[in-house]
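The primary structure of each chain is shown beneath.
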Amino acid sequence: MGDGSAWGLEVSYEIQPEPEGIAQALVIAADFIGDEPVALILGDNIYFGHGLAGRLQAAAAHEEGALVFGYHVRDPQRYGVAEIDAQGRVLSIVEKPEQPRSNVAVTGLYFYEPGVVEVAAGLERSGRGEYEITAVNRHYLERGTLRMEVLGRGMAWLDTGTADALAEATAFVRVLEQRQGLRIAVPEEVAYRMGFIDDAAFATLAESADDCDYGRYLRSLVGVAGRV
């Protein structure tokens with residue numbers, strides 16, 4: 001990805017020296033976050049579905065408390081599980097419970113207000129020796145400022161943290177791409193459609209791509225991709 005400039009972005013990096021929990025990322029990124037709202041996504045999570053981009057853009061405009069996304073799963077013991085009422089209000093969140101109160105998992109995408117850095121910095125380690133993101137979410141739950149949107153039918157959330165899950169995600173993406181002839185999450189295409197780069201910059205990226213399926217896909221979009 002480099003510094004992202006080829007795609008009209010500014011990308012920077014920080015290193016987590018030891019695997020001490022997801023919430024620690026918020027402390028490590030404190031200078032980057034500053035006094036702005038922030039989104040945190042786990043690198044092994046894949047999201048897909050019609051209308052998803054619009055929902056994420058709306059979530060990014062959320063500046064108070066925290067907003068998380070839920071997803072119905074058949075094995076909730078593997079995840080942070082949310083108990084919600086008939087109106088969708090979060091009643092509790094429990095990390096990897098032995099006896100889940102629901103099958104709604106909290107997915108690995110979170111939107112927070114600027115004060116989340118202080119919340120994360122004040123956490124104590126859990127019994128697993130980690131700074132848990134569930135503890136951050138529980139803070140907002142106790143304050144009454146935690147919102148959840150449940151991703152329903154037609155939306156896919158894939159947590160590729162195991163070999164089997166990675167294989168399933170590979171098959172999912174392969175079927176969609178072969179069926180539609182469209183590729184998923186091509187950075188050059190996304191940057192162009194979002195208006196981060198112009199026609200000339202996109203054409204340059206496409207022409208510089210290798211002579212492979214990926215490069216040929218990019219070149220097929222030159223002049224016809226359009227902004228959507």
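Data block above holds the structure.
Because the structure is predicted, anything quoted here is derived from the model rather than measured.

Draft legend 1. Examining the overall build of the protein more closely. A tally of regular secondary structure across the protein gives 9 helices and 8 strands. For the protein, whose C-alpha radius of gyration is 19 Å, the value lies close to the compact-globule estimate of 17 Å for 228 residues. In terms of overall dimensions, the protein has a C-alpha envelope of 50 × 40 × 35 Å along the principal axes. Out of the 228 residues belonging to the protein, those deemed buried represent 37%. In the protein, of all internal contacts separated by at least 6 residues, the share reaching a separation of at least 24 is 66%. When the accessible surface of the protein is totalled, it reaches about 13,500 Å², and 52% of it is carbon and sulfur. Side chains of the protein give 19 positive and 35 negative charges; the mean places of these two sets differ by 9 Å.

Draft legend 2. Structural view of unusual backbone geometry. At Lys96, a position not held by glycine, the phi torsion is positive, near 45 degrees. Looking at the secondary structure, you find Lys96 in the loop between strand S5 (90-95) and strand S6 (104-112). At Ala185, a position not held by glycine, the phi torsion is positive, near 60 degrees.

Draft legend 3. Region of the structure containing the environment of Leu109. As for its position among the elements, Leu109 is in strand S6. Taking the C-alpha atoms as reference points, Leu109 and Leu123, separated by 14 residues in sequence, lie 20 Å from one another. When residues no more than four places from it in sequence are discounted, the contact partners of Leu109 are Leu40, Ile41, Tyr47, Leu56, Leu67, Val68 and Phe69.

Draft legend 4. Seen up close, the environment of Ala209. In this fold, Ala209 is placed in the loop between helix H8 (199-208) and helix H9 (213-221). Remark: the alpha-carbon pair of Ala209 and Arg219, spanning 10 residues in sequence, is separated by 8.5 Å. If sequence neighbours within four positions are ignored, Ala209 has contacts with Gly215, Leu218 and Arg219.

Draft legend 5. Summary view of the nonpolar core. Judged by nonpolar contacts, the single largest core of 26 residues is most densely connected at Leu26, Tyr112, Val116, Ile133, Val136, Tyr140 and Leu146. For this core, the elements supplying multiple residues, two or more each, are strand S1 (38-41), strand S3 (66-72), S5, S6, helix H4 (116-121), helix H5 (133-143) and strand S7 (146-151). When sequence neighbours within four positions are dropped, the list of residues in contact with Val116 reads Leu26, Val38, Val136 and Tyr140. Residues Tyr71, Tyr79, Ala105 and Met155 belong to the second largest nonpolar core, which totals 14 residues.

Draft legend 6. Structural detail: helix H6 (residues 163-180). Between the first and last C-alpha of H6 there are 26 Å, a value that for 18 residues agrees with the 26 Å anticipated at 1.5 Å per step. Of all the positions in H6, only Ala165, Ala169 and Glu177 are classed as buried. Buried residues of H6 fall within an arc of 95 degrees about the axis and therefore sit on the same side. Across from the buried face of H6, at angles greater than 90 degrees, the exposed residues are Ala163, Asp164, Glu168, Arg174, Val175, Gln178 and Arg179.

Draft legend 7. Layout of the layout of surface pockets. Of the pockets and cavities examined, the second largest pocket occupies roughly 370 Å³. Along the walls of the second largest pocket sit 13 residues, with Asp75, Tyr79, Trp157, Leu158 and Glu168 positioned nearest its centre. Elements with a contribution of two residues or more to the lining of the second largest pocket: S3, strand S8 (156-159) and H6. Per-class residue counts for the lining of the second largest pocket are 7 nonpolar, 1 polar and 5 charged.

What counts, and where the lines are drawn
- Residues numbered from 1 in each chain as written.
- Predicted model: local features only at pLDDT ≥ 70, side-chain atom pairs only at ≥ 80, totals over all residues.
- Heavy atoms only, no water.
- Helix = DSSP H or I, 4+ residues; strand = E, 2+ residues; numbered from the N terminus.
- Rg over C-alpha atoms; globule rule 2.2 N^0.38 Å.
- Buried < 20%, exposed > 50% of the residue type's maximum accessible area, 1.4 Å probe, protein only.
- Contact = heavy atoms within 4.5 Å.
- Areas by Shrake-Rupley, 256 points an atom, 1.4 Å probe, with all protein chains shown as cover.
- Lys, Arg positive; Asp, Glu negative; His and termini not counted.
- Charge placed at Lys NZ, Arg CZ, Asp CG, Glu CD.
- Core = buried A, V, L, I, M, F, W, Y, C linked by side-chain atoms within 4.5 Å.
- Expected span 1.5 Å × (residues − 1).
- Arc of directions from axis to C-beta.
- 1 Å grid on protein atoms, 1.4 Å probe; cavity = no way out; pocket = protein on both sides within 12 Å on 5 of 7 lines; lining within 4 Å.
- Points joined across faces, edges and corners; volume = space filled by probe spheres on them.
- Nonpolar A, V, L, I, M, F, W, Y, C, P; charged D, E, K, R; others polar.

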